[in-house]
Each structure stands twice: as structure tokens, then as C-alpha cells.
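Examining the three-dimensional arrangement
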Amino acid sequence: MSNLQNMNNEELTSRYKFIDRKMKTEFLENGVELKSLITDILFNEIIVAKDKSGASLIFQPYTGEVAEIIGKYDSYQEAMNAYLSNYYSLSKEKVLTATLKKHVAGELERMSAKLNNLKSRIEKGSREKEYANYGNLLLMNISALKKGLDKIEAKDMEGNNVTIKLDPKLSPQKNIDRYFEKAKSEKIEYEKSIELYNELKNKYDILKELDEKLNKELTLEELQTIEKQLGIKKKMEMQDKSRPNFRHFIIDGKYNVYVGKDSKNNDELTLRFAKQNDYWFHARSVSGSHVVLRTDNPKEVVPKSVLKKAASIAAFYSKAKTAGLAPVSYTFKKYVVKKKGMEPGKVALLKEEVLLVKPEIPPGCEVVD
């Protein structure tokens, strides 16, 4: 302890390697005394805790000022192990939350369209009685029917004139039977529409509740329960097994980006995995990874900021990695072709646009694997 008090900042950082240059600079700029900090680390309890947002971890000597403490530890090594373990769990929570939010949003959009169609169908009402009435009127006027007619005028029970369309290719009896069959089908379809609407509305309401729940801070166990409730875990596992081993990122918690690892992997990504309307990126005029931005909804307009982040990833995984700025070609996958005789990883672009970006893994980009 006495030796520690006699050391200057250079000696302290030289002896205690866990204080690197960046940490030293930050501490000094914020008025943190290194001797006091190292004393706290060496001789006081160290805590691992969540910050106020719950999205990041804190690793520091115990000061009594942290709200949500995960654990207190006597040794630096124990604290570091706990920090890394919880950091991994927290990362899993972020990725799973993003995956569940995307799934729920997609299902809500799909169900909303179906509900609107069903509601419109129900509001129009059933034409069962109308078709049955046409059948009865045709039956009452069967003597006036003959093959080749495309319509007939008849009076209903109230004395009103009614025009009934006929199929000129059918016999009188088959035209009559057609309307009775339409009445029967209309009854079944209308009742089925009401049943399906109620069933879908119930599922929609449940999804809305889950969507609101996912905006709150949830534990990994709670997220896994929702995952099981949605029944997507098995589907995701099957997709993971069938998907080739690409680097995988999620941008802004929503957009999936896949990066090839070598020439053969690039071909696998571009020619087999990528869909026609996915965005495709590659650093211009240098060798590098193929990068694919998955677009599950072709009608969705992907923000330019997201395209730039995907382009930055493409530049980062290329020979232009150390450049301050790098040009990156991008286009839809449908405009990327492999001509006969091309080497692995080589492709040609039918059309392209270019973004000038900084090679990096940009902020708001989560590493999945």
C-alpha cells in the first residue's frame, strides 16, 4: 500500500496493466485520481451492475451509488468473469429483442392487411338471400328460359322487375342450380369470414400486447418465453442450420446484414442465399467481401443511413479497410451476375450506384455472429 502511494501516474500504469493509455487519459480528463482508483480496485469490493437505461453494464469499485447491482466481488478476476458472463447475456437479450420485435412487426403488418380485407368483406354483407331469390324466380319462370339467353326479366314477390344474368352456355336447369349453389357458397364463405376475422383479431390483439411488452426492459428468460409463445424458435433454428456460415450483423435493431468470409463464401452468399430484391454491396476496385442487406418487404424504402452503414461494413471487410474514405458499389442482387468462366467471388454488375463511406463497423450495428 505504501509503495502504491509513492508511485507517479507513469509508474502506476506501467505496473497495473489493466489501466491502459486510453483509460488513463479519460480518468485524468475527468479528474479521477489513479492512485485512488487503483486502491479501490485492489482493496474494495468491485461491482457489476446495469446502468440507468439497463442496456449497458458497469464494472467499477463499489461506491453505493448504483441502483441495479448484479453482484459484488472481492477479487478483480471474479468481477471480470461476472462482467463478461453478463455482457454476453445482455448481448443475447439485445439480439433476441431485435429479432422478436421484427417478427412481431411483420406479423402485425400482415394480419392488419388481412383484417382490413375481411372487415370490408363482412361489411358488404351476405348475398345468400339475393342468390336464393334469383334461383327461385328462375324456377318460377322456367318455361321462359332457354339455352342461349344471357339475361331474363322477372317480377319478384313484391311485383318489382328484376334483371337476372344467365350463362348462355348453360341449360335452364343448370342456370337455376348455379344460383342455388352460389347462395350456399355465399352462406359458407360469409360465416367463414366472420369466424376467421374473430380468430385473427384475437391473435392480433395478443401480438399488440407483446409488441408493447417488447418496448420494456425484459430479462432473457422473459424474452425466451415470448419466443416460445410466438413459436418461432424452431423455425429460427431450422433457418440457422440451413443458412451458410456468414458474418451477421443487425443494423438499428431491424435490418439484417450478411458478409461473406472468403471467395467461395461470397459466391454462396450472393448466388444462393441473397434474394432478388436484397441490396448487394462491394468495395469498389479492390478485393473484399460481398455484403447483402436483406429486404423482407420489397415495398419498404430502406433509409439512406442504413444503406451507408451497410456500405461501411463492406468497406471495412475489404482491402480499403485502412482508407479514410472508400467508394462502395451497391445495387439490387438481381443486377449481380456471374458470367461463365469467372473465378470464385468474381461477379459483374448490370447497374450500380456508389456511396463514399468510412470503412468501419458503424454505430447502431450489433454483431450476431
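As shown above, the structure is provided for reference.
The rules behind these values
Residues numbered from 1 in each chain as written. Predicted model: local features only at pLDDT ≥ 70, side-chain atom pairs only at ≥ 80, totals over all residues. Heavy atoms only, no water. Helix = DSSP H or I, 4+ residues; strand = E, 2+ residues; numbered from the N terminus. Expected span 1.5 Å × (residues − 1). Buried < 20%, exposed > 50% of the residue type's maximum accessible area, 1.4 Å probe, protein only. Salt bridge = Lys/Arg side-chain N within 4 Å of Asp/Glu carboxyl O. Phe/Tyr/Trp six-rings, centres within 6.5 Å; stacked < 30°, edge-to-face > 60°. Lys NZ or Arg CZ within 6 Å of the ring centre and 35° of its normal. Pairing = 2+ DSSP bridges. Axes fitted to C-alpha atoms, helices over the stretch in contact; angles between N-to-C directions. Contact = heavy atoms within 4.5 Å. Core = buried A, V, L, I, M, F, W, Y, C linked by side-chain atoms within 4.5 Å.

1. Details of the environment of glutamate 217
Residue placement: glutamate 217 occurs in the loop between helix 7 (172-213) and helix 8 (220-230). Measuring from C-alpha to C-alpha, the distance between glutamate 217 and glutamate 93 comes to 9.6 Å, with 124 residues separating the pair along the chain.

2. Describing helix 7
Counted at 1.5 Å a residue, the expected span for helix 7 with its 42 residues is 62 Å, and the 61 Å between its end C-alpha atoms agrees. Listed in full, the buried residues belonging to helix 7 are Asn175, Ile176, Tyr179, Ala183, Glu186, Tyr190, Ser193, Tyr197, Leu200, Tyr204, Leu207 and Leu210.

3. Points about the pattern of salt bridges
Considering all chains together, one arrives at 14 salt bridges under this definition. For aspartate 205, the salt bridge goes to lysine 201, with nearest N and O atoms at 3.0 Å. Residue aspartate 205 and its partner lysine 201 are both found in helix 7; the two are separated by four residues, about one turn of the helix. The class for lysine 201 is partly exposed, based on a relative accessible area of 31%. The residue glutamate 300 makes a salt bridge to lysine 254 at a minimum N-O spacing of 2.9 Å.

4. Some details on the packing of aromatic side chains
By the definition in use, this model includes nine aromatic pairs. Ring plane angle 85° and centroid distance 5.4 Å describe the contact between tyrosine 134 and tyrosine 179, whose orientation is recorded as edge-to-face. Here tyrosine 134, found in helix 6 (residues 128-140), pairs with tyrosine 179, found in helix 7; they are 45 residues apart in sequence, far enough to count as distant. Comparing tyrosine 134 with tyrosine 179, the two get one shared label, buried. For the ring pair tyrosine 279 and tyrosine 330, a centre distance of 6.4 Å and an interplane angle of 40° mean the geometry is tilted. In this pair, tyrosine 279 sits in strand 8 (residues 279-283) while tyrosine 330 sits in strand 10 (residues 326-332), placing the two residues 51 residues apart along the sequence. Relative accessible area serves as the criterion here: at 8%, tyrosine 330 is assigned to the buried category. An aromatic cluster of at least three residues, connected via ring pairs, comprises Tyr279, Phe281, Tyr330 and Phe332. Its guanidinium or amino end placed over the ring of phenylalanine 273, arginine 294 lies 4.5 Å from that ring's centre, counting from NZ or CZ. The side chain of lysine 334 reaches across the aromatic face of phenylalanine 332, ending 5.6 Å from its centre.

5. Details of the sheet that holds strand 7 (residues 255-259)
In any sheet, the strands associate via hydrogen bonds between backbone groups, in a parallel or an antiparallel arrangement. In spatial order, the strands read 13-10-8-9-7-6-14; together these seven strands make up an open sheet with antiparallel pairing. A strand with exactly one partner marks an edge of an open sheet, and here the two such strands are strand 13 (353-357) and strand 14 (365-367). On average, adjacent strands in this sheet sit at an angle of 25° to one another, irrespective of strand direction. Taken together, the three bridges between strand 7 and strand 9 (residues 291-293) define a ladder with antiparallel strand orientation. Considered in strand 9, the bridge of tyrosine 258 is made with valine 292. Its contacts with the sheet place helix 10 (residues 263-273) against strand 7, strand 8 and strand 9, and it is angled at close to 135° to strand 7.

6. Notes on the nonpolar core
Judged by nonpolar contacts, the single largest core of 24 residues is most densely connected at Ile251, Val257, Phe281, Leu293 and Leu307. Listed by contribution, the elements that provide at least two residues to this core are strand 6 (247-251), strand 7, strand 8, strand 9, helix 11 (304-316), strand 10 and strand 13. Counting residues per element, this core draws most heavily on helix 11, which supplies seven residues. Other than its neighbours up to four places away in sequence, isoleucine 251 contacts Val257, Val306, Lys309, Ala310, Ile313, Gly364 and Cys365. Counting residues in each nonpolar core, the second largest holds 19 residues, with Leu100, Val104, Met111 and Leu223 among its members.

7. Observations concerning unusual backbone geometry
The backbone phi angle of aspartate 252 is positive, close to 55°, even though this residue is not glycine. By the secondary structure assignment, aspartate 252 is in the loop between strand 6 and strand 7. Unlike most non-glycine residues, serine 285 shows phi in positive territory, near 65°. With respect to the secondary-structure elements, serine 285 resides in the loop between strand 8 and strand 9.

8. As for helix 10
Side chains that are three or four residues apart share a direction in an α-helix, a result of its 3.6 residues per turn. Asn265, Asn266, Asp267, Leu269, Thr270 and Phe273 are the residues of helix 10 that are buried. Among the structural elements, strand 7, strand 8, strand 9 and strand 11 (336-337) are those in contact with the buried residues of helix 10.

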